[in-house]
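So the chains spell out like this:
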Amino acid sequence: MAIAFAVVEGPDAGTSFEVPLMGSFTLGRGKGADQRLTDGQASRIHCRLVAGPEGCSVEDMGSRNGTFLNGRKVVAAEFLRPGDRLWIGESLIVAVALQAPAEPAKENDETAAGDLFCLSCGHRMTGRCGRCGGRFLTPPGGLEKFQIEKRLGRGGMGAVFRAVQAGFGRVVALKVAAFSDKPRKDGVQRFLREAKVLARCDHENIVRIFDTGKARALPPETCLLPGESAGDIAFIAMEYVEGRTLDRVVAEEDPVDIGRAVGIARDVASALAYANERGIVHRDIKPANIIVTDAGEVKITDFGLAKSFENSGLSGITMAGMMLGTPAYMAPEQIRDALRADHRADLYALGATLYFTLAGRPPFAGRGVTGVLRDVLNRLPPPVEDRRPDTPLALRRVLETCMAKDPSKRYPDAASLLADLDAVPGSP
């Protein structure tokens, strides 16, 4: 698979293109560009993408209007991450996938023995990870203060492990921030600073953060390509919650009782209200980030961390592998410029998540990542009553307000949303 990009706004909206895994690829409106744009605001050779062992970077080629990456003008070559947004004239181009899948390791391969965990995807490997290309590996006790037990999953930010925190003897969910490119100079420090602020949050519907820090990654020599070196990795130790993510709940219980769906949404809205008062924005509310315990408790994971990862230059958006996961729940303004999206983007995402809980599918799905991004920007979701006729009118109005394209037409805050959820007939 080559490196993939989707054009979601501008004259060429709805198209996509792929970039070779190695070499240079130019974009512009001239005949000499490798990917020709019909955008009249683009220069003939506007910018170029350069792919190599360290990743894919973008470089402006002296264009008259500039190339913008996530709202910042590109002055020198910058590495791209999944979900990054390029503005070229009037065209918005989203990086969909920036890494080719490698052959999985053979389970009976003798070289795979030794309990080394890839810190990018979590699988057991030796040398450079054969699944994702990650170069930072660790034995189970390789991170100071933590004994890794097993891989729980992988997201846009890196791998998550079940681990035991030494000295406390408590089980934690250990999230490791994987470097998908070269972060800005103070990226790790900024990330840790913001994560420590979040650690002071105390709300029954937010997974607690116990500890943050960084460790020196010392990979085997076989992990390194020419010019690479070991470096710091950031980690977060969070409350380990036994339960099912909301997407699993919906898959196993479809259809979810309306009263229960409203109750889950209400708990999430309560957490959002708490966070809003403290100036914290989640930026990645979706069913996979909501855990429902067997006792019915609702917990939001990664609260505020999406913003921290964006600011630190680490990947905060899951695009490749689970392409429809995050884009289907992103507010239109977040697709255009994630760093400027405020708390109202979380309200949109909660509305889309509630829609999914009721209908058993996201508001926009089934048209590929380019189609989903375009639909979020330009189309209204199908009425939820088409798939769930028993949805009360009051709840349909909640969904319409949450998912308004214009942020000013949504609820002004989560507290206002809570009041309307409480007014839904049959709400808990």
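Residues numbered from 1 in each chain as written. Predicted model: local features only at pLDDT ≥ 70, side-chain atom pairs only at ≥ 80, totals over all residues. Heavy atoms only, no water.

Caption draft 1: Seen up close, the overall build of the protein. Check the secondary structure of the protein and you find nine helices and 21 strands. Within the protein, contacts between residues separated by at least 24 positions form 60% of all contacts whose residues are at least 6 apart in sequence. (Helix = DSSP H or I, 4+ residues; strand = E, 2+ residues; numbered from the N terminus. Contact = heavy atoms within 4.5 Å.)

Caption draft 2: A look at helix 6 (residues 343–359). End to end, helix 6 covers 25 Å across 17 residues, agreeing with the expected 24 Å (1.5 Å per residue, within 8%). Within helix 6, 15 of the 17 residues are buried, which leaves it mostly tucked inside the rest of the structure. Of the residues trailing helix 6, glycine 360 is marked for its positive phi of about 80 degrees. (Expected span 1.5 Å × (residues − 1). Buried < 20%, exposed > 50% of the residue type's maximum accessible area, 1.4 Å probe, protein only.)

Caption draft 3: Summary view of the side chain of threonine 67. Considering the arrangement of structural elements, one finds threonine 67 in strand 7 (residues 67–69). You can call threonine 67 buried: its relative accessible area is 0%. There is a polar contact of 3.4 Å between the side chain of threonine 67 and the side chain of histidine 46. At a separation of 2.6 Å, a polar atom in the side chain of threonine 67 contacts the side chain of aspartate 60. Sequence-distant contacts of threonine 67, that is, excluding residues within four places in its chain, are made with His46, Cys47, Val58, Asp60, Arg72, Lys73, Val74, Leu86, Trp87 and Ile88. (Polar contact = N/O pair within 3.5 Å; in protein donor to acceptor, adjacent residues only side chain to side chain.)

Caption draft 4: Quick look at the environment of asparagine 378. Residue position: asparagine 378 is located in helix 7 (residues 368–378). Asparagine 378 sits in the exposed class, given a relative accessible area of 52%. Counting along the chain gives 370 residues from asparagine 378 to valine 8, while the straight-line C-alpha distance between them is 9.9 Å.

Caption draft 5: Fine view of the nonpolar core. One finds Leu395, Leu417 and Leu421 to be the most contacted residues of the largest nonpolar core, which totals 75 residues. With twelve residues, helix 3 (residues 258–277) is the single largest residue contributor to this core. Beyond its immediate chain neighbours, meaning those up to four positions away, leucine 395 contacts Ile258, Val262, Leu354, Leu358, Leu421 and Val424. Judged by nonpolar contacts, the second largest core, of 21 residues, contains Val7, Ala42, Leu69 and Ile88. (Core = buried A, V, L, I, M, F, W, Y, C linked by side-chain atoms within 4.5 Å.)

Caption draft 6: Representation of the side chain of serine 57. Mapped onto the elements of the fold, serine 57 is located in strand 6 (residues 55–60). A relative accessible area of 10% means that serine 57 is categorised as buried. When residues no more than four places from it in sequence are discounted, the contact partners of serine 57 are Arg48, Leu49, Val50, Glu78, Phe79 and Leu80.

Caption draft 7: Here's a closer look at the confidence of the model for the protein. Summarising the model, the protein shows a mean pLDDT of 80, and 74% of its residues fall at 70 or more. The spread of mean pLDDT over the elements of the protein runs between helix 4 (residues 305–312), the lowest at 61, and helix 8 (residues 393–402), the highest at 97. Segment residues 100–113 is flagged for pLDDT under 50; beyond a separation of four residues in sequence, or across chains, it makes 16 contacts in the model. Below a pLDDT of 50 lies the segment residues 314–325, which in the model reaches 44 contacts outside its immediate sequence neighbourhood of four places, other chains included. (pLDDT = per-residue confidence, 0-100.)

Caption draft 8: Representation of the sheet that holds strand 5 (residues 47–52). Read across the open sheet, the five strands follow the order 4-3-5-6-9; overall the sheet is mixed. Where the open sheet ends on each side, the last strands, each with one partner, are strand 4 (35–36) and strand 9 (78–79). The sheet contact formed by strand 6 and strand 9 spans two bridges and is antiparallel. Bridge assignment links serine 57 to a residue of strand 9, and that residue is phenylalanine 79. (Pairing = 2+ DSSP bridges.)

Caption draft 9: Structural view of the environment of aspartate 60. Along the chain, aspartate 60 turns up in strand 6. For the pair aspartate 60 and isoleucine 88, spaced 28 residues apart in sequence, the C-alpha separation works out to 9.9 Å. Those residues within four positions of aspartate 60 in sequence are excluded, and the remaining contacts are His46, Cys47, Gly66, Thr67 and Val74. A polar contact of 3.0 Å, which involves the side chain of aspartate 60, links it to the backbone nitrogen of glycine 62.

Caption draft 10: Quick look at the sheet that holds strand 21 (residues 298–300). Strand order in the open sheet made by the three strands is 19-20-21, with antiparallel pairing throughout. Looking at strand neighbours, the two that pair on one side only are strand 19 (244–245) and strand 21, the edges of this open sheet. As paired elements, strand 20 (residues 290–292) and strand 21 share three bridges and run antiparallel to each other. Considered in strand 21, the bridge of valine 292 is made with valine 298. Against the sheet, helix 3 engages strand 19, strand 20 and strand 21, with an angle of about 45 degrees to strand 21. (Axes fitted to C-alpha atoms, helices over the stretch in contact; angles between N-to-C directions.)

Caption draft 11: Structural context of helix 8. The set of residues buried in helix 8 consists of Leu395, Val398, Leu399 and Cys402. Seen from one end, helix 8 has its buried residues packed into an arc of 95 degrees, which puts them on one side. Seen from the open side of helix 8, the exposed residues pointing more than 90 degrees away from its buried face are Arg397 and Glu400. Looking at the buried positions of helix 8, the neighbouring elements they touch are helix 3, helix 6 and helix 9 (414–422). (Arc of directions from axis to C-beta.)

Caption draft 12: Quick peek at the pattern of salt bridges. Enumeration over the complete set of coordinates arrives at 21 salt bridges. As a salt-bridge pair, aspartate 211 and lysine 145 come within 2.9 Å of each other at their nearest N and O atoms. Here aspartate 211, found in strand 17 (residues 209–216), pairs with lysine 145, found in the loop between strand 13 (137–138) and strand 14 (146–155); they are 66 residues apart in sequence, far enough to count as distant. Under the relative-accessibility criterion, aspartate 211 is labelled buried at 17%. A salt bridge links aspartate 284 to lysine 286, with the shortest nitrogen-to-oxygen separation between them at 3.6 Å. Among the ionic contacts, a cluster of salt bridges with common partners joins Arg244, Arg248, Glu252, Glu253 and Arg260. (Salt bridge = Lys/Arg side-chain N within 4 Å of Asp/Glu carboxyl O.)

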